[in-house]
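# Residue-level structural notes
Residues per chain are reported as follows:
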Amino acid sequence: MVESKPVKLAPSILTADFGHLADQIAAAEAGGADLIHLDVMDGRFVPNITFGTLIVHTMRQLTRLPLDVHLMIEEPERYIAEFAEAGSDIITVHAEATPHLHRAVQQITGLGRRAGIALNPGTPNEAVREVLPFVDQVLVMTVNPGFGSQRFIETMTAKIRRMRKMMDELCPLADLQVDGGIYAGNIADVIYAGANVIVVGSAVFNKTATPTENLAQLRQAVAETL
Ligand code: DX5
Ligand code: ZN
């Protein structure tokens, strides 16, 4: 039996107010965010374009929290060094974005950063089995990447459970991250399935309440799972 890991909340700034980024990050910190999740999109791997190293660098000046950079870009190996240099602590590449996943992971760890690999909802866990012994984090996408505020794909709960089992065998110390459509109403389900790093975008940065209040509500829902 592998010990369960402490649950970490990783707010994604995708739906934050970019005109007031410093305030938004301060509010997320006040709410007890453990990491800041940064969604980099290239308009090719996913149908949306967001931001690149400039925002990572800016975020590095705004917070001491670890920066968890989710690269939704083709051929990520071309940019890993730049994202490391900009101040990323964790760099996650998609299994579908490169035929050389193992090499990309080696590149990240070679630069002294934590290496993550991500799987789209349609990609089987088996596709990353051989790379698991080399990674620090596995990201199981629970929506198709590209946009915030999408609906959680229910069949992903069983996939998370199967992935955690495979990881317990091959990389027991690695984190299992989930991303997409998670809010106070379903966060317990993904934790029970074995996820321990939870990305929360629109559930934190929205018009209903402040990021601090939203994170407090999410923390409460996490506490109820213990
Ligand atoms: C999806 C991104 C996610 C997403 C999270 O492409 O990787 O990080 O924006 O946002 P919510 O929590 O609103 O689904
Ligand atoms: Zn993400």
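Here goes a summary of the coordinates provided. Keep in mind that this is a model prediction, so the values were computed, not measured. (Residues numbered from 1 in each chain as written. Chains lettered and ligands numbered in written order. Predicted model: local features only at pLDDT ≥ 70, side-chain atom pairs only at ≥ 80, totals over all residues. Heavy atoms only, no water.)

## Focus: the sheet that holds strand β7 (residues 175-179)
The test is simple: Pairs of strands are assigned from DSSP output, requiring at least two bridges between the strands. A run of H or I in DSSP counts as a helix once it spans at least four residues, and a run of E counts as a strand once it spans at least two, with each numbered from the N terminus. The axes are straight lines fitted to the C-alpha atoms, using for helices just the contacting stretch, and the angles between their N-to-C directions are given from 0 to 180°. Whether two residues are in contact is decided by their heavy atoms: any pair within 4.5 Å suffices.
Reading across the sheet, the eight strands line up as β1-β8-β7-β6-β5-β4-β3-β2 and stay open at both edges, with parallel pairing between neighbours. Each edge of the open sheet is held by one strand with a lone partner, namely β1 (8-11) and β2 (36-41). In this sheet, adjacent strand axes meet at a mean angle of 25 degrees when their direction is disregarded. Here strand β5 (residues 114-119) pairs with strand β6 (residues 137-141) via four bridges, running parallel. Of the residues in β6, the one forming a bridge with L119 is V140. Across the face of the sheet, helix α2 (residues 53-62) comes into contact with β2 and β3 (67-72) while running at roughly 170 degrees to β3.

## What to know about the site of ligand 1
For the record, the criterion: We call a residue near a molecule or strand as soon as one heavy atom of that residue lies within 4 Å of the molecule or strand. Polar contact criterion, stated in full: a pair of N or O atoms within 3.5 Å, where within protein one must be able to donate a hydrogen and the other to accept it, and residues adjacent in sequence count only if both atoms are side-chain atoms. Note that accessible areas follow from Shrake-Rupley with a 1.4 Å probe, and for residues the cover is restricted to the protein chains shown.
Taken together, 20 residues lie near ligand 1, and D39, G146, D179, G181 and S202 sit nearest. Contact between ligand 1 and S149: an oxygen atom at 2.8 Å from a main-chain N or O atom of the residue. Burial of ligand 1 by the protein chains amounts to 99% of its free accessible area of 380 Å². Going through the elements one at a time, β2, β3 and β8 (197-200) are the ones with two or more residues in the shell around ligand 1.

## A short note on the pairing of β6
Selection rule: A simple rule labels every residue: compare its accessible area, found with a 1.4 Å probe on the protein chains alone, to the largest value its type can have, and call it buried under 20%, exposed over 50%, or partly exposed in between.
For β6, a buried count of five out of five residues is recorded, marking the element as mostly surrounded by other parts of the structure. Burial along β6 is two-sided: Q137, L139 and M141 facing one way and V138 and V140 facing the other are all buried. In this structure, β6 lies alongside β7, joined through five bridges in parallel fashion. Pairing of L139 across the sheet is with Q177, part of β7.

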